[in-house]
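Listed below, chain by chain, are the residues.
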Amino acid sequence: MENEKKKRIFSGVQPSGILTIGNYLGAIKNWVDFQDENDCIFCVVDLHAITVHQVPADLRRRTYETLAIYLACGIDPAKSTIFVQSHVPAHAELAWVLGCSTMFGELSRMTQFKDKSARNAGNVNAGLFTYPVLMAADILLYGTDLVPVGKDQQQHIEIARDIAIRFNQTYSDTFVVPEGFFPKSGAKIMSLADPTKKMSKSDANQNGFISLLDDRDTVMRKFRRAVTDSETEVRRAPGKEGVGNLMTIYSCFTGKTDAEIEEEFRGLGYGEFKEAVGAAAADGLAPLQARFKELMADKSYLEGIMKEGAEHANHIARKTLSKVYRKVGFVGL
Ligand code: ATP
Ligand code: LTN
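Residues numbered from 1 in each chain as written. Chains lettered and ligands numbered in written order. Predicted model: local features only at pLDDT ≥ 70, side-chain atom pairs only at ≥ 80, totals over all residues. Heavy atoms only, no water.

**Student:** Could you give an account of the overall build of the protein, with specific residues and numbers?
**Tutor:** Each helix and strand in the protein was counted, giving 14 helices and five strands. For 333 residues, the compact-globule estimate of 2.2 N^0.38 gives 20 Å, and the C-alpha radius of gyration of the protein, at 21 Å, lies within 12% of that figure. In terms of overall dimensions, the protein has C-alpha extents of about 75 × 45 × 45 Å along its principal axes. By the burial criterion, 51% of the 333 residues in the protein qualify as buried. Working note: accessible area of the protein is about 15800 Å², and carbon and sulfur atoms make up 52% of it. (Helix = DSSP H or I, 4+ residues; strand = E, 2+ residues; numbered from the N terminus. Rg over C-alpha atoms; globule rule 2.2 N^0.38 Å. Buried < 20%, exposed > 50% of the residue type's maximum accessible area, 1.4 Å probe, protein only. Areas by Shrake-Rupley, 256 points an atom, 1.4 Å probe, with all protein chains shown as cover.)

**Student:** Pulling in residues and values, what's your account of the packing of helix α5 (residues 90-99) against helix α14 (residues 299-328)?
**Tutor:** Contact geometry of α5 with α14 gives a least axis separation of 10 Å together with a crossing angle of 25 degrees. In terms of axis orientation, α5 runs roughly parallel to α14. For the element pair α5 and α14, the recorded crossing hand is left-handed. Contacts from Ala-90, Glu-93, Leu-94 and Val-97 in α5 reach Ala-317, Arg-318, Leu-321, Val-324, Tyr-325 and Val-328 in α14. (Axes fitted to C-alpha atoms, helices over the stretch in contact; angles between N-to-C directions. Parallel < 35°, antiparallel > 145°, perpendicular 65-115°, else oblique. Left-handed = near helix turned anticlockwise from the far one by under 90°. Contact = heavy atoms within 4.5 Å.)

**Student:** Any details on unusual backbone geometry? Residues and values, ideally.
**Tutor:** Not every positive phi belongs to a glycine, and Ser-172 is a case in point at roughly 85 degrees. Relative to the elements of secondary structure, Ser-172 occurs in the loop between α9 (154-171) and β5 (179-181).

**Student:** Give me the site of ligand 1: which residues, what numbers.
**Tutor:** Among the 21 residues in the neighbourhood of ligand 1, the closest are listed as Ser-16, Asp-152, Lys-198, Ser-200 and Ser-202. At 2.8 Å, a backbone N or O of Gly-150 approaches an oxygen atom of ligand 1. At 2.4 Å from an oxygen atom of ligand 1 is found a side-chain nitrogen or oxygen belonging to Ser-200. For the shell around ligand 1, the element with the most residues is helix α2 (residues 21-34), which contributes four residues. (Near = heavy atom within 4 Å. Polar contact = N/O pair within 3.5 Å; in protein donor to acceptor, adjacent residues only side chain to side chain.)

**Student:** So what's going on with the nonpolar core? Residues and values would help.
**Tutor:** With 59 residues, the main nonpolar core has Ile-21, Ile-28, Tyr-70, Leu-212, Phe-223, Phe-253 and Phe-273 as its most contacted residues. Counting residues per element, this core draws most heavily on helix α13 (residues 270-296), at twelve residues. Ignoring sequence-local partners within four residues, the contact set of Phe-253 consists of Ile-21, Tyr-24, Leu-25, Ala-280, Ala-281, Gly-284 and Leu-285. Of all hydrophobic cores here, the second largest spans 40 residues; its members include Phe-83, Phe-167, Ala-313 and Ile-316. (Core = buried A, V, L, I, M, F, W, Y, C linked by side-chain atoms within 4.5 Å.)

**Student:** Which residues make up α5, and what are the values?
**Tutor:** An α-helix turns once per 3.6 residues; consequently, residues spaced three or four apart project the same way. The set of residues buried in α5 consists of Ala-90, His-91, Leu-94, Ala-95, Val-97 and Leu-98. Within α5, the buried residues cover an arc of 165 degrees as seen down the axis, which keeps them to one side. (Arc of directions from axis to C-beta.)

**Student:** Tell me about the site of ligand 2, and please be specific about residues and values.
**Tutor:** Ligand 2 sits among 14 residues. The nearest are His-48, Tyr-131, Met-135, Asp-138 and Gln-153. Tyr-131 places a side-chain nitrogen or oxygen 2.6 Å from a nitrogen atom of ligand 2. Take Gln-153: an N or O atom from its side chain is 3.0 Å from a nitrogen atom of ligand 2. For the shell around ligand 2, the secondary-structure elements that each account for two or more residues are β1 (8-13) and α8 (126-140). The element that contributes the greatest number of residues to the shell around ligand 2 is α8, accounting for four residues. By residue class, the composition of the shell around ligand 2 is seven nonpolar, six polar and one charged. (Nonpolar A, V, L, I, M, F, W, Y, C, P; charged D, E, K, R; others polar.)

**Student:** Could you give an account of the packing of aromatic side chains, with specific residues and numbers?
**Tutor:** Under the definition given, this model contains 15 aromatic pairs. Seen from their ring centres, Phe-10 and Tyr-142 are 5.2 Å apart, and the 10 degrees between their planes marks the pair as stacked. Of this pair, Phe-10 sits in strand β1 while Tyr-142 sits in the loop between α8 and β4 (146-148), placing them 132 residues apart in sequence. Judged on exposure class, the residue Phe-10 and its partner Tyr-142 are both buried. Relative to Phe-273, the ring of Phe-265 has its centre 5.0 Å away and its plane inclined at 65 degrees; by these criteria the two rings are edge-to-face. Of the residues examined, Phe-273 reaches a relative accessible area of 1% and is grouped as buried. Among the aromatic residues, those joined into a ring-pair cluster are Phe-10, Phe-83 and Tyr-142. One cation-aromatic arrangement involves Lys-151 over Phe-182; the distance from NZ or CZ to the ring centre is 4.7 Å. Taking NZ or CZ as reference, Lys-299 lies 5.1 Å from the ring centre of Tyr-64, over its face. (Phe/Tyr/Trp six-rings, centres within 6.5 Å; stacked < 30°, edge-to-face > 60°. Lys NZ or Arg CZ within 6 Å of the ring centre and 35° of its normal.)

Shown next, in the form of C-alpha cells:
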C-alpha cells in the first residue's frame with residue numbers, strides 16, 4: 001500500500017563531458033534528497049549525447065564516469081534505479097511514436113536547439129532537433145510525477161507535458177503529466193568566465209566551469225580568475241552577476257544565506273571572497289572525488305549496477321510501450 005503513495009522521480013544527465021558543479025548543484029544534489037521518500041529512476045542519457053559529435057572511446061569512458069559520479073554523489077543503487085538509456089530500447093521506440101504528433105513549429109521554438117545549432121553550425125542534425133521528443137519519451141515511459149532538473153530544462157519539461165496531454169486527448173488517458181522540480185538555489189549556475197552564460201560541461205573554455213573532478217589547485221585557480229565587476233562589495237545586485245553567481249555557489253556548499261555571506265565579507269573585497277568560495281567548493285568535492293576513484297577502479301561493479309538497472313527499467317518501459325502501441329492501433333503478436 002505504502003508503495004502506491006510514493007512519487008515517481010526521473011532524471012538524467014548526458015555523458016558528454018565530466019560533470020560540472022552546475023550539474024551537481026542544479027540536478028544531482030537534489031536527486032539524492034528524493035531517494036528516501038520516492039521511487040527514483042536516474043538515467044545516463046547516452047542517446048541524447050550523440051546529438052553532438054562524440055569520439056566513441058570518450059563516450060564509452062564517460063558513460064562509466066557519469067554513472068560513477070551519480071554513485072559518488074550519493075545516489076544509492078539499493079534505493080534508486082540507475083541505468084544507461086541505450087540499454088532500454090523502448091526510449092527510442094516511444095520517441096518515434098511521440099515524434100509523429102509533435103509539430104515542427106513547436107520544436108523550432110526550443111532555445112536549447114537554437115543555442116546548440118548556433119554553436120555546432122556544421123552539425124545541425126535531425127537528432128538535435130528532435131532531442132526534446134526523446135526526452136519526453138524518457139520521462140513518460142516511467143509514469144513520472146516529478147523531474148528534478150536545472151532551470152535550462154524548463155522548456156523541455158513543458159513540451160513533454162504538452163506531448164503527454166495531446167496523446168491523452170487523442171488516444172485516451174495513457175501518460176502521467178509530469179512536473180519539473182527546480183531547486184530554490186543553484187537552478188542556474190553561470191559560467192565563471194562569462195556570468196551571462198550557463199556553466200556547461202561542454203564549454204570550450206575550461207575556465208568557465210568547475211568539473212567535479214578538478215583538483216584543489218585547479219578549483220582555486222579557476223575561482224581566483226572568475227569574472228566579477230569593478231566594485232569591491234560582496235552583494236547581489238544588477239550588473240554584479242559574477243559576484244551573485246559566486247554567492248550562489250558559496251551558499252550551496254556552505255548552507256549560508258545571502259545576508260550571512262554579505263556580513264562575512266563586509267569590507268574584505270573580492271580576493272578573500274574568491275579564496276573562500278574556492279575552498280568551500282574544493283572541500284565539498286574532495287569526498288566525492290575519493291569515492292569516484294574507488295568506483296572507477298571497479299568496472300565490473302559498475303556494470304552490475306547498469307545491468308540490474310536496465311532490467312528493472314526495461315520491465316517498466318516495455319509495459320508502457322505496449323500500451324501505447326495498442327492505443328495507436330499497431331497489431332500485437
Ligand atoms: P552540455 O554542455 O553537454 O549540453 P550540460 O552541462 O548543459 O551539458 P546536461 O547534461 O545538459 O548538462 O544537464 C544535466 C542536468 O544538469 C540537467 O538537469 C540540467 O538542467 C542541469 N544543469 C546543467 N547545467 C547547469 C547549470 N549551469 N546550473 C544548474 N543546473 C545545470
Ligand atoms: N535534456 C536533459 C537531459 C535529459 C533529461 C531527460 C533530464 C535527457 N532526458 C529526462 C530529465 C529527464 C539535459 O539536461 N540536457
